[in-house]
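What the coordinates show
Chain by chain, the residues run as shown.
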Amino acid sequence: MGDLMEPDLISDLPQSIIESILTRLPIRDAVRTSILSSKWRYKWASITQLVFDEKCVPFCSDQDFDEKSLIEFITRALFLHEGPIHKFQLTTSYLQSCPDIDQWILFLSRNDIKELALELGEGDWFRVPASLFRCKKLTHLELFRCELDPPPSFKGFLFMKNLTLHQVSVYPDVIENLISSCPLLENLSLSYFDSLTLNINAPNLKYLFLEGEFRDINLENAPLLSSMSVAMYMTDDNFEHFEQSSSCNFDKFLGGLPRLETLTGHIYFTKYLSIGYDLGKLAITYDHLKVIELYQVSFEDMKEIYVVLRLVTSSPNLEELQISGSSNALVAMEAPDLDLWEKESHSKCALEKLKHVKMTEMSSVPHEMEFIKFLLCRSPVLERMSITPCVYVMDGRLNMLIELVRFRRACSSKIKL
Amino acid sequence: MSEGVMAVVKPEMKSYIWLQTADGSIQQVEEEVAMFCPMICREIIQTGMGSSKNYAISLPQRVNPAILGLILDYCRFHQVPGRSNKERKTYDEKFIRMDTKKLCELTSAADSLQLKPLVDLTSRALARIIEGKTPEEIRETFHLPDDLTEEEKLEPLRNITDDPRIRLLNRLYARKRKELREREKLKNVEVEEERVDERSVEDLLTFINGGDGESKGSRTNKNKKKNRRRRDQPKNSSSEANGNHNKELDALSPAFHDSGASPSKSTKLQDSTSVSFSPKLDFDDADIDDDLDPAMKEELDREVEDFARRLNSHWPDRMQEILSLGQERRLLPMSINGDGSRRYSTAALSGLEDASMQFAATEAVEKLAIFSLQQRVSIFVCFNIIQMQCFILWESMYSGMKKMLEKRRKTENSRMTTWANMLILFRDCCLLLLLLVTFQP
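Chain B carries the name SKP1-like protein 21 in an unreviewed UniProt entry, which gives Morus notabilis as its organism. Its UniProt record gives chain B a comment under Pathway (unreviewed entry), which states: "Protein modification; protein ubiquitination." According to UniProt, the comment filed for chain B under the heading Subunit (unreviewed entry) is "Part of a SCF (SKP1-cullin-F-box) protein ligase complex."

Chain A is annotated in an unreviewed UniProt entry as F-box/FBD/LRR-repeat protein of Morus notabilis.

Things to note about the packing of helix α6 (residues 100-112) of chain B against helix α7 (residues 116-130) of chain B
Residues and elements named next belong to chain B. Orientation of α6 relative to α7, taken along the N-to-C sense of each, is 145°, at an axis distance of 9 Å. For the crossing formed where α6 meets α7, the hand is left-handed. Of α7, the residues touching α6 (which contributes Thr-100, Leu-103, Cys-104, Leu-106, Thr-107, Ala-110 and Asp-111) are Leu-118, Val-119, Thr-122, Ala-125, Leu-126 and Ile-129. Of the residues that constitute the contact of α6 with α7, the class distribution is nine nonpolar, three polar and one charged.

A look at the side chain of Glu-67 of chain A
All names here are of chain A. Topologically, Glu-67 is positioned in helix α3 (residues 63-80). In this structure, Glu-67 is buried with no salt-bridge partner, the nearest side chain bearing the opposite charge being Lys-68 at 10 Å. Among residues more than four places away in sequence, those in contact with Glu-67 are Tyr-94 and Leu-95.

Quick notes on the packing of helix α1 (residues 15-23) of chain A against α7 of chain B
Where α1 of chain A meets α7 of chain B, the axes come as close as 8 Å, and the angle between the chain directions of the two elements is 55°. As judged from the angle between their axes, α1 of chain A and α7 of chain B are oblique. Along this stretch, α1 of chain A crosses α7 of chain B, giving a crossing that reads as right-handed. For the pair α1 of chain A and α7 of chain B, contact is made by Ile-17, Ser-20 and Ile-21 of chain A and by Ser-123, Leu-126, Ala-127 and Ile-130 of chain B, respectively. Taken together, the residues of the contact of α1 of chain A with α7 of chain B sort by class into five nonpolar, two polar and no charged.

Remarks on the interface of chain A and chain B
Taken together, the contact pairs 34 residues of chain A with 36 residues of chain B. Looking at the side of chain A facing chain B, the largest losses of area belong to Leu-9, Arg-24 and Leu-36 of chain A, adding up to 21% of the total buried there. At the junction of chain A with chain B, the criterion picks out one salt bridge. The partner of Asp-120 of chain B in a salt bridge is Arg-24 of chain A, with the nearest N and O atoms 3.5 Å apart. Of all the elements in the fold, those that place two or more residues in the side of chain A that touches chain B are α1, α2 (27-32) and α3 of chain A. Ranked by residue count, the leading element in the side of chain A that touches chain B is α3 of chain A, at six residues. For the side of chain A that touches chain B, the per-class residue count stands at 18 nonpolar, seven polar and nine charged.

The rules behind these values
- Residues numbered from 1 in each chain as written.
- Chains lettered and ligands numbered in written order.
- Predicted model: local features only at pLDDT ≥ 70, side-chain atom pairs only at ≥ 80, totals over all residues.
- Heavy atoms only, no water.
- UniProt positions renumbered as here; feature names shortened; annotations may be inferred.
- Axes fitted to C-alpha atoms, helices over the stretch in contact; angles between N-to-C directions.
- Helix = DSSP H or I, 4+ residues; strand = E, 2+ residues; numbered from the N terminus.
- Left-handed = near helix turned anticlockwise from the far one by under 90°.
- Contact = heavy atoms within 4.5 Å.
- Nonpolar A, V, L, I, M, F, W, Y, C, P; charged D, E, K, R; others polar.
- Buried < 20%, exposed > 50% of the residue type's maximum accessible area, 1.4 Å probe, protein only.
- Lys, Arg positive; Asp, Glu negative; His and termini not counted.
- Salt bridge = Lys/Arg side-chain N within 4 Å of Asp/Glu carboxyl O.
- Parallel < 35°, antiparallel > 145°, perpendicular 65-115°, else oblique.
- Buried area = accessible area lost by both parts, 1.4 Å probe.

If you want it as structure tokens, here you go:
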């Protein structure tokens with residue numbers, strides 16, 4: 001029976017605390033608190049965050065049974081819930097497209113949903129119902145493996161701040177319209193679209209994450225962008241298309257981003273930027289750019305080197321630089337245009353704040369060496385430079401080491417190999 | 001004045017804020033530590049209080065001095081800007097190690113002071129405590145009163161899968177709930193009981209072939225329980241409208257419990273997976289005569305044969321058999337019962353017929369339900385048989401004892417009947433187990 005004189009410790013805490021406790025429990029445990037005592041009977045029913053995943057229902061190896069039990073669990077939980085629902089997240093591989101999901105979204109659209117995340121299983125992609133576009137207050141939307149087709153009357157999510165679309169099948173102009181019709185959009189993440197041509201017009205955009213095969217990206221209006229991470233997979237057709245285009249990708253992409261603070265480029269990013277590059281005068285300096293991370297930079301392509309140089313030299317406040325090379329050592333050994341570095345050595349740019357440099361996958365090709373020399377000369381406050389040779393380079397490492405140590409340094413820094 | 005004194009005593013010229021807790025005690029705290037707390041910060045800025053002992057900021061009621069000390073320690077650590085995230089995390093983990101009572105008080109106090117990082121930390125700790133525990137453990141940890149009625153606890157579990165066994169359980173719980181309610185109602189209705197008791201006593205007496213009329217009075221109390229259940233069952237059969245399955249169960253139960261008192265079916269069925277039965281019968285002074293036993297034996301044998309047949313036959317046929325069996329069984333008490341029970345049986349029969357028709361209709365719809373239904377009915381049958389035998393066993397044992405005590409007659413007979421009954425019981429238990437094994441889905 002228990003000690004009747006012991007006071008109840010927890011039931012009288014304010015609802016906001018109870019809610020924060022219950023939202024930190026898995027949904028199944030939260031619902032089970034309803035049998036603890038009479039006060040706890042419906043405490044769970046007013047939590048505003050519902051996160052469902054496969055742990056909601058006990059696992060049974062029968063696929064259909066799992067699916068049905070999960071559907072029933074979610075339906076019942078929604079039915080018993082009262083009050084607004086601000087967050088709904090469903091991550092499961094049991095469900096693919098099924099009509100119950102449409103009903104849940106309809107229910108949520110009537111309950112002031114603000115954050116919605118749907119990740120369903122591989123299989124038939126789920127077709128987003130029209131009721132999703134009626135969720136006026138939506139601020140976060142994450143969709144995985146869906147088909148998106150907004151109705152013509154859709155005017156945009158006025159409060160949308162975070163948009164994540166991963167493997168979503170849409171018409172290209174739909175995405176553009178979607179982005180431009182969300183005026184408060186701050187965080188955009190697009191992954192695995194096929195051959196997308198995109199004009200991004202988002203005046204409040206701060207974080208951009210792109211991954212996939214993009215044909216053409218044009219950040220025409222994103223002045224506040226502060227962090228960008230791009231991974232461009234290029235197929236051969238894309239590349240051909242690029243060869244023919246005459247506009248400078250660098251300007252198109254990075255031209256209008258004065259507030260950029262972090263730039264991360266994966267895979268073929270520098271290659272993409274190098275297309276159409278002309279050696280013209282720089283238009284803009286990136287005063288806020290502090291961190292640059294570039295992967296798969298090929299130091300055998302002059303254009304890419306120019307791109308990297310330009311980035312580095314137009315960021316006077318750069319603090320951290322990380323470059324990962326991908327040169328084909330044999331090809332790059334015969335390096336033309338080494339006099340480029342001579343020219344550069346006369347320029348007066350100094351990387352006054354550069355503290356950490358990390359070069360990985362170095363194949364000790366001449367241009368890489370020159371680049372490292374360049375950096376060492378120009379960085380008075382450099383604290384750490386770590387150079388990791390590429391694993392394929394067996395011989396020549398010792399030579400590289402000796403050369404590196406001989407470079408003139410602008411400061412007393414450590415070189416870590 | 002006191003402030004001046006204080007300034008002299010403390011050489012480092014730090015400024016202090018005075019805080020007063022609800023119980024009246026006043027503490028002083030370094031200013032930057034206190035300012036970490038938004039509520040205190042606001043108070044200082046808006047009202048200018050806290051600068052001296054007389055004008056101490058009064059804290060909300062939920063903050064007592066010990067907890068205030070803890071909170072100030074927290075603030076003192078975290079307001080130093082130079083700490084790394086790792087350091088802060090380590091400190092937090094150590095800080096949060098306290099007993100549950102203190103943790104709850106700390107949460108409450110931090111919330112009233114609007115110290116959000118601490119509220120998050122404590123909420124996380126409480127959630128970690130609750131996660132994975134059984135309800136009893138949670139109740140014990142937080143001293144929650146276990147004040148949900150049995151009814152409410154037995155309510156169908158909302159978030160359970162569609163396991164047919166669970167569905168069965170839910171229906172049984174629903175019936176038990178009803179019974180509880182009936183019991184509550186009938187506790188108040190004393191007058192009616194008397195009349196009905198008469199009949200049931202007759203019934204009993206004739207059934208066990210005993211003529212002990214001496215303790216009718218005392219018997220009524222005991223019979224009340226049994227009688228209530230008898231009344232409940234047919235009531236349930238007529239009133240339950242959720243699903244043909246329920247109806248079927250209810251309809252069948254009167255068919256099988258006429259052998260005497262039967263405790264609530266739901267208790268029996270609750271233990272469907274474990275064969276345990278609790279005969280809640282305490283009949284006294286029931287003279288059981290040996291003559292009855294052969295007749296009983298015959299009937300039992302018949303039932304068991306039917307039962308075995310049922311194990312092998314197809315469901316619709318079985319349905320017919322049950323119907324016929326029900327009608328056969330009706331014959332025995334029909335002759336004994338008064339008018340009252342007649343009406344029960346007709347209700348039961350009609351229920352059965354309805355059930356069979358409805359059942360045929362739904363057979364095509366839900367295979368899984370049929371399967372579990374079969375299982376259920378078979379278990380029902382078994383349990384009834386076993387129940388009956390328990391009763392008889394008990395009767396024989398009791399009567400044997402009584403005879404031994406009072407008349408000192410030969411007790412071998414009664415002992416032998418006891419043993420015979422036990423054997424029959426054992427046989428049926430084995431049959432039941434066999435049934436369960438064969439019917440495992």
